Amino acid sequence: MTIAVSGRVDTVTAPELEASLNFGDATCVVIDLAGVPYMSSAGLRLLLASHKKMLAKGGELQIANAQEAVREVLDITGFSGILNLV
Amino acid sequence: MTFATSKFNSFLPAATFAMAAEFLMGLSDSIICGHILGETGLSAVNLMQLVFELVTFVGMMVTVGTSVLFATELGALHVRRAQGYFTLGTISAVAFGLLTAAVLAAVRTPVIAAFGASQAVSSMAASYWLWFLPAAALQPLAFYLGAMCYADGDARLSFCSYLAQLLGNCLMSVPLTMAYGAAGCAVGTGLGSLAAIVVLLFHFRRKGCMLGWSRHFIFADILKISGKSFGDASKNIGKAALMFALNAYVIAKFGSEMLPVLAVVVMTIGISEMFNGVANAAQPLASVYIGEKNPVLTKRVMHAALVASLVEGGGVMLLLLAFPGLMLSLVGISSPATVPEARLAVRIVSASLPSLSLVLLFNSYYVFIGRERLSSIMTILAVFGLPVALFPLFGSCWGAHGVWGALGLAPALALGLVALYVLARGGRSGFPFLLPKGREAALRAFDLELDPVSICGVSASVGAHLGANGVMGRRASKAALLVEEALMVVHDRNSGRRVKAEVTVDLNDGLMIVLRDDGVIFNITDADARVSSLRGYLVSNLMTAIPVRRNLTTTGFNRNVFKL
């Protein structure tokens, strides 16, 4: 299952995104961040929560096509070593 | 309302009340001695005006320059240098206070003899003078510490110190005067100054107090302090010279019977002293922005000050035009022969108040930006040069009405002449603030009240602004991220409080972000701060990734500076 996200993911928009995410029974979910130019800690929290949720049911979450700026946030926080970046 | 404007507005009442309290302090000993000791006591204290002016002048010569230089250096993030000025100012205030007391002690007898007053008045004045010496030593320090606390953002304590001085003086002077005469009144004045100093010492216990000791100064800085102070003090020198010339001219031309009318005219002009509160309210903020080399925010504060100045000057003018009798009742003029002329004089002279208000504001402002000479020339022109040139001319054409007319017109004329000069020097774009050109285009300031929606909005705007100015990718994104995360941390630390903030993006020398907020004082740039959330963790890591960053509590607000 691939979910394409677009736009800024910040303190205001992250809760809206979280409410709209539904992984169903999928065991492998790819979140495509090609359309995300900016992500703050609220977006990171969402990715981490999704990652833990998938791990809990024996599945896998992959983060794809992160833009340079988003990748830097993942690097600064060390999340790039925790999440599966493809 | 912007951060700068709201902070200026929050400083304005305290600054204006402080000026009112100072005005009342100047009158309190006369009122107390007049009521308790009668006309002899009043005359004795009035002989002391020279001494009061000298002590005030000494205090101003240290205070104005130090407070402007202190705030400007803090604005430039030179903490040790700012504290060096504070240290030097404190040493100077103490030394000049002691020196003034010593000089006053030495000249007491010959000066009192030179007044040529009656034996009873001279004896009372000598007694007052002797016991006023401790107050003369203390007052420059009280005046100085009050202004420095104010420059450090503690407007409330500064105001409390004025109240303590006023109330302390009155509460102690009344019983002491009743018991010991004029000497007791002088002791009460000294105790009032001591009370003010004690109150001001509480500022050093305040979190975020930037007044501290540093050896980072050279004694040549005394000249720098005095140079700035002199620009501001020029209005007092100009006014004193005008009063001398006016008295001499009016007595010679119209006789002593016109002196009560002149007293009302002088008091009407004297009201303009209260307008100094506007410049005092603008000074801490404007000096910091000048130190930051930020003409956008400097102008923002000064525009607010300009409006306040016009409102105050215009408001008082309208009040006096409608009710000139207010001034007459203050000095007790009720003689039918004098009242009509005095009422007309008040109405005519009140026309000068809006211009005088602006002159006083720009007198201080041009000192802030290092144009002391322009400041002095404008002020001397407005309060001495043009009035003295015009009133004999107008007086010979239209009599006493012409003299009052000259006084009403001169400040506006001086302001017009200076405006023409400033336009010629700085062009229309530099008028009237004369700030360095070329920095404004690369500066952008955003104002907000902290809540998640406005924080994210400003963060997005910062990103878009940087993109539009050629700063792309990781750098722009890091700046937007810094704004959102840092301000959200401030928002979380101040839950339940309304916090105003200001974000400045400066592209003049690389990319610099300045975050300012009026929330609880804390250091967001500390990379080793305790982390209790993912956001805190990200901010902590961001701080490590931004090596050039400074936190400085400035004028009582958090100020964080980042170079990306």
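Residues numbered from 1 in each chain as written. Chains lettered and ligands numbered in written order. Predicted model: local features only at pLDDT ≥ 70, side-chain atom pairs only at ≥ 80, totals over all residues.

Would you mind going over the overall build of chain A in detail, with residue names and values included?
What chain A contains, in helices and strands, is 3 helices and 4 strands. Scanning chain A from its N terminus toward the C terminus, one meets helices and strands in the order β-α-β-α-β-α-β. Its C-alpha radius of gyration of 12 Å places chain A within 12% of the 12 Å reference for a compact globule of 86 residues. Referenced to the eigenvectors of the C-alpha coordinate spread, the extents of chain A come out at roughly 30 × 25 × 20 Å. Looking at chain A as a whole, 33% of its 86 residues are labelled buried. For chain A, the proportion of contacts with a sequence separation of at least 24, taken over those separated by at least 6, is 76%. (Helix = DSSP H or I, 4+ residues; strand = E, 2+ residues; numbered from the N terminus. Rg over C-alpha atoms; globule rule 2.2 N^0.38 Å. Buried ≥ 20, exposed ≤ 12 C-beta atoms within 10 Å, placed from the backbone. Contact = placed C-beta atoms within 7 Å.)

Describe the overall build of chain B, naming the residues involved and giving the relevant values.
Helix and strand content of chain B: 17 helices and 5 strands. Its C-alpha atoms give chain B principal-axis dimensions of about 80 × 50 × 45 Å. In chain B, buried positions account for 51% of the 564 residues. Counted over contacts in chain B with a minimum sequence separation of 6, partners at least 24 positions apart contribute 76%.

Give a detailed account of the pairing of strand β5 (residues 558-563) of chain B, specifying residues and quantitative values.
Residue and element names in this part refer to chain B. Counting buried residues along β5, 5 of its 6 residues qualify, which places the element largely inside the surrounding structure. In this sheet, β5 lies alongside strand β3 (residues 512-517) in antiparallel orientation, the contact comprising 6 bridges. Across the sheet, L515 pairs through a bridge with N560, a residue of β5. Here 4 bridges tie strand β4 (residues 548-551) to β5, and the two strands are oriented antiparallel to one another. Pairing of R549 across the sheet is with F562, part of β5. (Pairing = 2+ DSSP bridges.)

Talk me through the sheet that holds strand β4 (residues 84-85) of chain A; I want residue IDs and the actual numbers.
All names here are of chain A. Taken in spatial order, the 4 strands make up an open sheet running β1-β2-β3-β4, and their pairing is parallel. The open sheet has two edge strands, β1 (2-6) and β4, and neither has a second partner. Two elements, β1 and strand β2 (residues 28-35), share 4 bridges in a ladder whose sense is parallel. Following the sheet pairing, I3 is matched in β2 by I31. In this fold helix α2 (residues 41-56) packs onto β2 and β3 (60-64), with an angle of close to 145 degrees to the strand it touches most, β3. (Axes fitted to C-alpha atoms, helices over the stretch in contact; angles between N-to-C directions.)

Before we move on, could you go through the domain arrangement of chain B and cite the residues and values that matter?
Interfaces are often described in size by the accessible area the parts lose on coming together. Residues and elements named next belong to chain B. Assigned domains within chain B: domain 1 (1-217), domain 2 (229-437) and domain 3 (440-563). Elements with a contribution of two residues or more to the side of domain 1 that touches domain 2: α1 (3-47), α2 (49-75) and α4 (119-151). Ranked by residue count, the leading element in the side of domain 1 that touches domain 2 is α2, at 15 residues. Residue composition of the side of domain 1 that touches domain 2, grouped by class: 20 nonpolar, 9 polar and 3 charged. (Domains from an automatic or database assignment. Nonpolar A, V, L, I, M, F, W, Y, C, P; charged D, E, K, R; others polar.)

Any chance you could break down helix α7 (residues 221-254) of chain B for me, citing the residues and the numbers?
Between its first and last C-alpha atoms α7(B) spans 48 Å; for 34 residues at 1.5 Å apiece the expected length is 50 Å, and the two agree. The first or second residue beyond α7(B) is B:G255, which carries a positive phi of 85 degrees. (Expected span 1.5 Å × (residues − 1).)

Please provide a residue-by-residue account of the packing of α2(B) against helix α3 (residues 79-115) of chain B, values included.
Residue and element names in this part refer to chain B. Here α2 crosses α3 at 175 degrees, and the two axes come no closer than 8 Å. Considering their axes alone, α2 and α3 lie roughly antiparallel with respect to each other. Here V51, L54, V55, V58, V62, T66, L69, F70, E73 and L74 of α2 lie close against α3, whose contacting residues are V79, R81, A82, Y85, F86, G89, S92, A93, F96, T100 and L104. The residue inventory of the contact of α2 with α3, partitioned by class, reads 15 nonpolar, 4 polar and 2 charged. (Parallel < 35°, antiparallel > 145°, perpendicular 65-115°, else oblique.)

Outline the sheet that holds β3(B), supporting the account with residue identities and numerical values.
All names here are of chain B. Strand order in the open sheet made by the 5 strands is β1-β2-β3-β5-β4, with antiparallel pairing throughout. Only two strands of the sheet have a single neighbouring strand rather than two, namely β1 (443-449) and β4. If you compare each strand with its neighbour and ignore which way they point, the axes differ by 10 degrees on average. Set on the sheet, helix α15 (residues 452-468) makes contact with β1 and β2 (500-506); between it and β1 the angle comes to about 170 degrees.

Go over the packing of helix α16 (residues 473-493) of chain B against helix α17 (residues 534-545) of chain B with me, naming the residues and quoting the values.
For any two helices packed against each other, one specifies the inter-axial angle together with the distance between the axes. All names here are of chain B. Where α16 meets α17, the closest approach of the two axes is 10 Å, and the angle between their N-to-C directions is 130 degrees. Taken together, the axis directions place α16 and α17 in an arrangement best described as oblique. The handedness of the crossing between α16 and α17 comes out as left-handed. Residue-level inspection shows L481, L482, E485, A486, M488 and V489 of α16 in contact with α17, the latter providing R535, G536, L538, V539 and L542. A breakdown of the residues in the contact of α16 with α17 according to their chemical character gives 8 nonpolar, 1 polar and 2 charged. (Left-handed = near helix turned anticlockwise from the far one by under 90°.)

Tell me about the interface of chain A and chain B, and please be specific about residues and values.
Across the contact, 15 residues belong to chain A and 23 residues belong to chain B. For the side of chain A that touches chain B, the secondary-structure elements that each account for two or more residues are α2 and α3 (68-77) of chain A. It is α3(A) that provides the largest number of residues to the side of chain A that touches chain B, a total of 6 residues. Among the residues forming the side of chain A that touches chain B, the class breakdown is 6 nonpolar, 4 polar and 5 charged.

Could you give an account of unusual backbone geometry, naming the residues involved and the relevant values?
The peptide bond linking B:F431 to B:P432 adopts the cis configuration, its omega dihedral lying at -5 degrees. For A:N65, which is not glycine, the phi torsion reads 55 degrees and is therefore positive. As for its position among the elements, A:N65 is in the loop between β3 and α3. Phi angles above zero are rare outside glycine, and B:L434 is one such case at about 50 degrees. As for its placement among the helices and strands, B:L434 is situated in the loop between α14 (372-430) and β1.

Residue-level account of the confidence of the model for chain B, with values.
Overall, the predicted model of chain B reaches an average pLDDT of 89, with 99% of residues at or above 70. Per the prediction output, this complex has pTM 0.83; the corresponding ipTM is 0.93. (pLDDT = per-residue confidence, 0-100.)

Mind laying out the confidence of the model for chain A, listing which residues take part and the relevant values?
Across chain A, the average pLDDT comes to 92, with 100% of residues at or above 70. Within chain A, no element has a lower average pLDDT than β4(A), which sits at 89, and none a higher one than β2(A), at 94.

Account for the environment of A:S20, with residues named and values stated.
Residues and elements named next belong to chain A. Its place among the elements puts S20 in helix α1 (residues 13-20). A count of 9 C-beta atoms within 10 Å places S20 in the exposed class. It is 22 Å that separates the C-alpha atoms of S20 and N84, two residues lying 64 residues apart in sequence.

Residues and numbers for the nonpolar core, please.
If you look at the biggest cluster of nonpolar residues, it comprises 198 residues, and the most contacted ones within it are B:F8, B:Y128, B:A282, B:V301, B:A305 and B:V483. Apart from the residues lying within four places of it in its own chain, the contact partners of B:V483 are B:V458, B:S459, B:V462, B:V503 and B:I513. (Core = buried A, V, L, I, M, F, W, Y, C linked by C-beta atoms within 7 Å.)

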